[in-house]
Amino acid sequence: MNQHETGPCSILLIDDESFAEDIISHGLKGCVSHTLRYASQPAMAVDLAREIDATVVLVDLRMPEIDGFEVTRRLRADKDTESIPVIMLSSEEDPDIKAKAFAAGANDYLVKWPDPRELVARVRYHSDACIARRQRDAAFVSLRQSREQLEASQSALQQAQKMEAIGQLTGGVAHDFNNVLQIVGGNLQLLKLIGDLNDAGRARVDMALAGVERGAKLSSHLLAFARRQPLQEVVVNPGHLLREMDEMMRRVLGPRARVVTEIDHSLGSTLVDPHQLHNVLLNLAINARDAMAGSGTLTIRATNVGSDTPLASDVLPGRHVLIEVADTGAGMPPDVLARAFEPFFTTKPTGQGTGLGLSMAYGFVKQSGGEIVLKSELGKGTSVRIYLPRSDADAQHPEAIVDGPLLGGLETILVVEDEEDVRSTTCAILSALGYRVLEAPDAAAAVAIVDSGQAVDLVFTDVIMPGPVSSLQLADAVRTRLPLAEILYTSGYAEGVLAHEGKLEATVNLLQKPYHPDALSARIRHLLRRRHNRAPAGSLS
């Protein structure tokens, strides 16, 4: 091939006289790298040109039934062949006929039988032009696709940066908010516990505590979205959780809605915080109920997804457990769908939703190493698909700690908290429950108490405190000097200290702020019972 040739010629010859093939074939011997396809039926021209991916068509002018003009028109009328160069072959030198050929769409006109050198030059010229045009078109298509992919990547990056910025803001706000709620809620509970209130006063306190509880739930959702909610992960089978939630889902949806549960009998396990997964699924059910206005069908599906299963573009290949919650509700338009995971974004009327349900689900799933895919269409409902990495470990049944009535004891508890108002309230509650309470404003002071030889049964310490000694160093000191003592942490925000990428070790006991006295007493009694059970006989005073 010479330097001017851009690629092999694919030539289609249409002529009702079979000897034409021999003449053209002989004339094209000087055309390097070409293929020639001959057909005597002009009606086949379009199909054959498409089949051989022709780069040039030679067509006889005078043929019975369908002449060269009509063949050219048909080639030009088809989107797959409209750009293929057509060279008209004719024994007539008439300028009018030539003009008519060009008007029909021909690119060139050769009088039979052309000199082989001219034939090769014309064929090569038009074929190279066709190939160059196709390469140009392919380049434009590739450029457009690359631009679209770049725009999509930039949009995804901007969305991720926006979500990360919102997450950092909400995480910081939630942390401070939790400490404020702990002070308010703790004092209200203490007032309720020892304040000798009349019925009216107790009702007011209960009303205020309900507000604290709402604030705590709001803060929890913000931390979940920010991916800063400490997760206590265990290997669980989501099918068990879904079956346990079935009755609750039906109560949430109401009598006019239908709940369909489809759980794969061989559903795999996943490493996840079961309590947080429960909250996510419950929030999705509430969203579905609101979208369906109390009636419709909610489908909850759980199945295994293998590495060979086609996945949404956002989901990395691998083995997953898929949990899908789909409703037949009103659905979302594209502009709403694009913002659905943003915190506080809601289309519900004021007072009917905080806009944190989907954002909480988004943060939790991402923090758990999974992906969440939202699909919705107006009038056709919404589908939320949660992909969680599958685990080969056996499912566990985490020990349940049930909040019950306030229970106390006679043991000694060391409370370590730098917020004086929080420390004072917590110590007063524990004292009211009968415990002997020691207190320290920071970890260094707490270590001094431990080193003094005082008997301590449980250390209740904040995670993040000022001073040269950290809560983790305090824990090391307690384990060394008081190996039988239990350690219970508390925090409104434990990331980077106890939690690594938001995930807690299974051995860590953490009570999230703001905590209710019932939850505090239940957790302390649980740990102290465990201490008694594992202590050698006679080792406890």
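The present account deals with the structure reproduced in this document. In this text the structure is predicted, and so the values were computed from the model without any measurement.

### Focus: the sheet that holds strand S15 (residues 458-462)
Paired through backbone hydrogen bonds, the strands of a sheet run either parallel or antiparallel to each other. Taken in spatial order, the five strands make up an open sheet running S14-S13-S15-S16-S17, and their pairing is parallel. The open sheet has two edge strands with one neighbour each: strand S14 (436-440) and strand S17 (510-512). Neighbour-to-neighbour, the strand axes of the sheet open up by a mean angle of 20 degrees, direction not taken into account. Relative to S14, strand S13 (residues 412-416) is paired through five bridges, and the arrangement is parallel. Bridged to Ile413 within S14 is Val437. Packed on one face of the sheet, helix H11 (residues 420-432) meets S13, S14 and S15 and runs near 170 degrees to S14.

### Section: the pattern of salt bridges
Side chains that differ in charge, positive against negative, can pair when their charged atoms come close. Under the criterion given, the structure shown has 33 salt bridges. Between Glu70 and Arg74 there is a salt bridge, with the nearest N and O atoms lying 3.2 Å from each other. Taken together, the residues span about one helical turn, with Glu70 and Arg74 both in helix H3 (residues 68-77) at a distance of four residues. A salt bridge links Lys98 to Glu93; its shortest N-O distance comes to 2.5 Å. Judged by its relative accessible area of 24%, Lys98 is partly exposed. Among the residues examined, Glu93 registers a relative accessible area of 49% and is labelled partly exposed. Among the ionic contacts, a cluster of salt bridges with common partners joins Asp47, Arg50, Asp78, Lys79 and Asp80.

### Focus on the side chain of Asp108
Inspection of the secondary structure puts Asp108 in strand S5 (residues 108-111). Overall, the relative accessible area of 11% leaves Asp108 in the buried class. Within the structure, the side chain of Asp108 is placed 2.8 Å from the side chain of Arg122, a separation counted as a polar contact. In this structure the side chain of Asp108 is engaged in a polar contact, spanning 2.9 Å, whose partner is the side chain of His126. Look past the residues within four positions of Asp108 in its chain and what remains in contact with it is Val86, Ile87, Met88, Phe102, Arg122 and His126.

### Some words on the packing of H3 against helix H4 (residues 95-104)
As a packed pair, H3 and H4 sit with axes 8 Å apart at the nearest point and diverge in direction by 20 degrees. On the basis of their axis angle, the class for H3 and H4 is roughly parallel. The element H3 and its partner H4 pack so that their crossing is right-handed. For the pair H3 and H4, the contacting residues are Phe69, Thr72, Arg73 and Arg76 in the first and Ile97, Lys100, Ala101 and Ala104 in the second. Its residues placed into classes, the contact of H3 with H4 shows four nonpolar, one polar and three charged.

### Quick notes on helix H12 (residues 443-451)
Residues spaced three or four apart along an α-helix face the same direction, because each turn holds 3.6 residues. Residues Ala443, Ala446, Val447, Ile449 and Val450 constitute the buried set of H12. The buried residues of H12 occupy an angular sector of 160 degrees when projected down its axis, which confines them to one face. Looking at the buried positions of H12, the neighbouring elements they touch are S13, S14 and helix H13 (471-481). The distance from a side-chain oxygen at the start of H12 to the backbone nitrogen of Ala444 is 3.2 Å, and the residue carrying that oxygen is Asp442. The first or second residue beyond H12 is Gly453, which carries a positive phi of 95 degrees.

### Overview of the state of the cysteines
Two cysteines form a disulfide when their sulfur atoms are joined by a covalent bond. One pass over the structure, following the stated rule, counts zero disulfides. Between Cys9, a free cysteine, and Cys31, which holds the nearest cysteine sulfur, the sulfur-to-sulfur gap is 3.9 Å. Not part of a disulfide, Cys130 finds its nearest cysteine sulfur in Cys9, a span of 9.7 Å. Its relative accessible area of 2% is what places Cys130 among the buried residues.

### Focus on the environment of Val86
Note that Val86 resides in strand S4 (residues 86-90). Taking the relative accessible area as the measure of exposure, Val86 reaches 0% and is therefore buried. Separated by 20 residues in sequence, Val86 and Ala106 have C-alpha atoms that sit 5.0 Å apart. Apart from the residues within four sequence positions on either side, Val86 is in contact with Val57, Val59, Thr72, Leu75, Arg76, Ala106, Asn107 and Asp108.

### Quick notes on the pairing of strand S8 (residues 269-272)
Looking along a regular strand, one sees side chains alternate from face to face of the sheet. The pairing of strand S6 (residues 234-236) with S8 spans three bridges and is classified as antiparallel. Along S8, the bridge assignment pairs Val235 with Leu271. The pairing of S8 with strand S12 (residues 381-391) spans two bridges and is antiparallel. Residue Thr270 lies in a different strand from S12, and its bridge partner there is Arg390.

### A look at the side chain of Thr412
On the secondary structure map, Thr412 appears in strand S13. If we skip the residues at most four places from it in the chain, Thr412 touches Arg436, Leu438, Ala455, Val456, Asp457 and Leu458.

### Notes on the packing of aromatic side chains
Any two aromatic rings considered together are summarised by their centre-to-centre distance and by the angle between their planes. Counted according to the given criterion, the structure contains three aromatic pairs. A ring pair is formed by Phe19 and Trp113, whose centres lie 6.4 Å apart and whose planes are at 75 degrees; its orientation type is edge-to-face. Taken as a pair, Phe19 in helix H1 (residues 19-27) and Trp113 in the loop between S5 and helix H5 (116-194) lie far apart in primary sequence, 94 residues in all. For Trp113, a relative accessible area of 32% gives the class partly exposed. With a centroid separation of 5.5 Å and an interplanar angle of 70 degrees, the aromatic rings of Phe460 and Tyr515 are classed as edge-to-face. Separated by 55 residues along the polypeptide, Phe460 in strand S15 and Tyr515 in the loop between S17 and helix H14 (517-534) bring together distant segments of the chain. Note on accessibility: Phe460 and Tyr515 belong to one class, buried.

Here is what the cut-offs are and how they apply
Residues numbered from 1 in each chain as written. Predicted model: local features only at pLDDT ≥ 70, side-chain atom pairs only at ≥ 80, totals over all residues. Heavy atoms only, no water. Pairing = 2+ DSSP bridges. Helix = DSSP H or I, 4+ residues; strand = E, 2+ residues; numbered from the N terminus. Axes fitted to C-alpha atoms, helices over the stretch in contact; angles between N-to-C directions. Contact = heavy atoms within 4.5 Å. Salt bridge = Lys/Arg side-chain N within 4 Å of Asp/Glu carboxyl O. Buried < 20%, exposed > 50% of the residue type's maximum accessible area, 1.4 Å probe, protein only. Polar contact = N/O pair within 3.5 Å; in protein donor to acceptor, adjacent residues only side chain to side chain. Parallel < 35°, antiparallel > 145°, perpendicular 65-115°, else oblique. Left-handed = near helix turned anticlockwise from the far one by under 90°. Nonpolar A, V, L, I, M, F, W, Y, C, P; charged D, E, K, R; others polar. Arc of directions from axis to C-beta. Disulfide = S-S within 2.5 Å. Phe/Tyr/Trp six-rings, centres within 6.5 Å; stacked < 30°, edge-to-face > 60°.

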